[in-house]
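# Breakdown of the fold
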Amino acid sequence: MKPASTSRDMPGPRPSLASRAPSLLQPHLALPILAALAFLALAAVISTGHHFGFDRTLILLLREPGDPTTPLGPAWLQEAVRDMTALGSFVGLFFMTTAAALALWLCGHRPLAIGLVISVLSALVVSNGLKIAIGRDRPDIVTHEALTFTASFPSGHAFLSTVTMLSIAGFIGLSSKRADIARLCLVLAWVMIVLIGLSRLYLGVHWPTDVLGGWLLGVAWASLVTAWIGRWAASSEPA
């Protein structure tokens, strides 16, 4: 006689986006809070006109000894760094955001697609507003190897690339409902984020604390946006 099935043997319903969201890419609340507080503290110090000695030291380490006009390394490295910094430009991030949003939309994850666009556009407005409000001068101890048009703090490349890439990684992880894909997207995102931030130092257009501030604010922004929009998307999409 066939034994009766128990609840343990019965296949359960497939986990919904709502039930999976907290375990995929949703950081502990402490992470965005600490990042935001660290950014506010750094911004408050910089807005008083304070200069950090290590800012100058780190930038000069990336220049030929005794020649602040020449970055370290051969010409091909300098060109490669310019290519890397272009990934964090408005044009580069626009195409990344557009491609990811369209992919999410076409795959039926429309709330996530809309949320991604809102996250990046609002971050762009905040970035420009902070630059105007703080008004920190660009580094003047080395030759700039790229054109600049705005103030220095926070680094727009660092902040916006962090917001864009972590948001894309977060929303792809949520939509896929797979932890391995979420982790892969996060790793790839962080590789690009770090390289873009370092490229701004190598080109001499940002102080290290500009890049650090951009990373801190970007982590806080993307973490909160992924949590909030992920929860909204979970309630909007069918189970």
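In the block above lies the structure referred to throughout.
As the structure is a computational prediction, the values presented were derived from the model and not from experiment.

## Focus: unusual backbone geometry
Here F153 and P154 are connected by a cis peptide whose omega angle stands at -10°. Note on placement: P154 falls in the loop between α6 (110-134) and α7 (156-176). Its identity as a non-glycine residue notwithstanding, K177 has a phi of 60°, on the positive side. Of the residues examined, K177 reaches a relative accessible area of 21% and is grouped as partly exposed.

## Considerations on the nonpolar core
Counting 38 residues, the largest nonpolar core has L112, L116, F153, F159 and F171 as the members making the most contacts within it. Contributions of two or more residues to this core are made by α2 (30-47), α5 (90-106), α6, α7, α8 (179-202) and α9 (208-236). When neighbours within four sequence positions are excluded, L116 is seen to be in contact with T97, A100, A101, L104, T164, S167, I168 and F171.

## Quick notes on the side chain of S167
By the element assignment, S167 lies in helix α7. The residues contacting S167, other than those within four sequence positions of it, are L116, S119, T162, A222 and T226.

## A look at the packing of aromatic side chains
Per the stated rule, a full pass over the model turns up 4 aromatic pairs. Between F159 and W221 the ring centres are 5.9 Å apart and the planes differ by 85°, which places this aromatic pair in the edge-to-face class. With F159 in helix α7 and W221 in helix α9, this pair connects stretches of sequence that are 62 residues apart. For the residue pair F159 and W221, the accessibility class agrees, reading buried in each case.

## Notes on the pattern of salt bridges
Under the counting rule described, the total for this entry stands at 6 salt bridges. Two residues, D55 and R136, come together in a salt bridge whose shortest N-O distance is 3.1 Å. Of this pair, D55 sits in helix α3 (residues 53-61) while R136 sits in the loop between α6 and α7, and the two are 81 residues apart along the sequence. Overall, D55 belongs to the buried group, its relative accessible area being 2%. The exposure class of R136 is buried, given its relative accessible area of 9%.

## Notes on the layout of surface pockets
Taken as a whole, the largest pocket holds about 350 Å³ of empty space. Lining the largest pocket are 17 residues, and of these F90, L147, F149, H157 and R200 sit closest to its centre. Taken together, the elements giving at least two residues each to the lining of the largest pocket come down to α6 and α7. Residue contributions to the lining of the largest pocket peak at 3 residues, all from α6. Here the lining of the largest pocket is built from residues that sort into 4 nonpolar, 10 polar and 3 charged.

## What about α5?
Since there are 3.6 residues in each turn of an α-helix, residues three or four apart along the chain are aligned in direction. Its 17 residues give α5 an end-to-end C-alpha distance of 24 Å, which sits within 8% of 24 Å, the value for a rise of 1.5 Å per residue. Three or more residues of α5 are buried, namely G92, L93, T97, A100, A101 and L104. Seen from one end, α5 has its buried residues packed into an arc of 150°, which puts them on one side. Exposed residues pointing more than 90 degrees away from the buried face of α5 are listed as V91, F94, F95 and L106.

## Some details on the packing of α7 against α8
When two helices pack together, their arrangement is given by the angle between the helix axes and the distance between those axes. Interaxial distance between α7 and α8 falls to 9 Å at its minimum, and their mutual angle equals 175°. The angle between the axes of α7 and α8 places the two elements in the roughly antiparallel class. Of α8, the residues touching α7 (which contributes H157, S161, T162, M165, L166, A169, I172, G173 and S176) are I181, A182, C185, L186, A189, W190, M192, I193, I196 and R200. Taken together, the residues that form the contact of α7 with α8 break down as 13 nonpolar, 5 polar and 1 charged.

## Notes on the environment of R231
Of note, R231 is situated in helix α9. When the C-alpha positions of R231 and L174 are compared, they lie 9.9 Å apart, and in sequence the two are 57 residues distant.

## A closer look at the pairing of strand β2 (residues 67-71)
Examined bridge by bridge, strand β1 (residues 63-64) and β2 share 2 bridges and lie antiparallel to one another. The residue of β2 that forms the bridge with R63 is P71. Counting the residues between successive antiparallel strands, the hairpin from β1 to β2 contains 2 residues, one of them, G66, with a positive phi of roughly 80°.

Cut-offs and rules
- Residues numbered from 1 in each chain as written.
- Predicted model: local features only at pLDDT ≥ 70, side-chain atom pairs only at ≥ 80, totals over all residues.
- Heavy atoms only, no water.
- Helix = DSSP H or I, 4+ residues; strand = E, 2+ residues; numbered from the N terminus.
- Buried < 20%, exposed > 50% of the residue type's maximum accessible area, 1.4 Å probe, protein only.
- Core = buried A, V, L, I, M, F, W, Y, C linked by side-chain atoms within 4.5 Å.
- Contact = heavy atoms within 4.5 Å.
- Phe/Tyr/Trp six-rings, centres within 6.5 Å; stacked < 30°, edge-to-face > 60°.
- Salt bridge = Lys/Arg side-chain N within 4 Å of Asp/Glu carboxyl O.
- 1 Å grid on protein atoms, 1.4 Å probe; cavity = no way out; pocket = protein on both sides within 12 Å on 5 of 7 lines; lining within 4 Å.
- Points joined across faces, edges and corners; volume = space filled by probe spheres on them.
- Nonpolar A, V, L, I, M, F, W, Y, C, P; charged D, E, K, R; others polar.
- Expected span 1.5 Å × (residues − 1).
- Arc of directions from axis to C-beta.
- Axes fitted to C-alpha atoms, helices over the stretch in contact; angles between N-to-C directions.
- Parallel < 35°, antiparallel > 145°, perpendicular 65-115°, else oblique.
- Pairing = 2+ DSSP bridges.

Remember that the coordinates give geometry; whether it matters functionally is a separate question.
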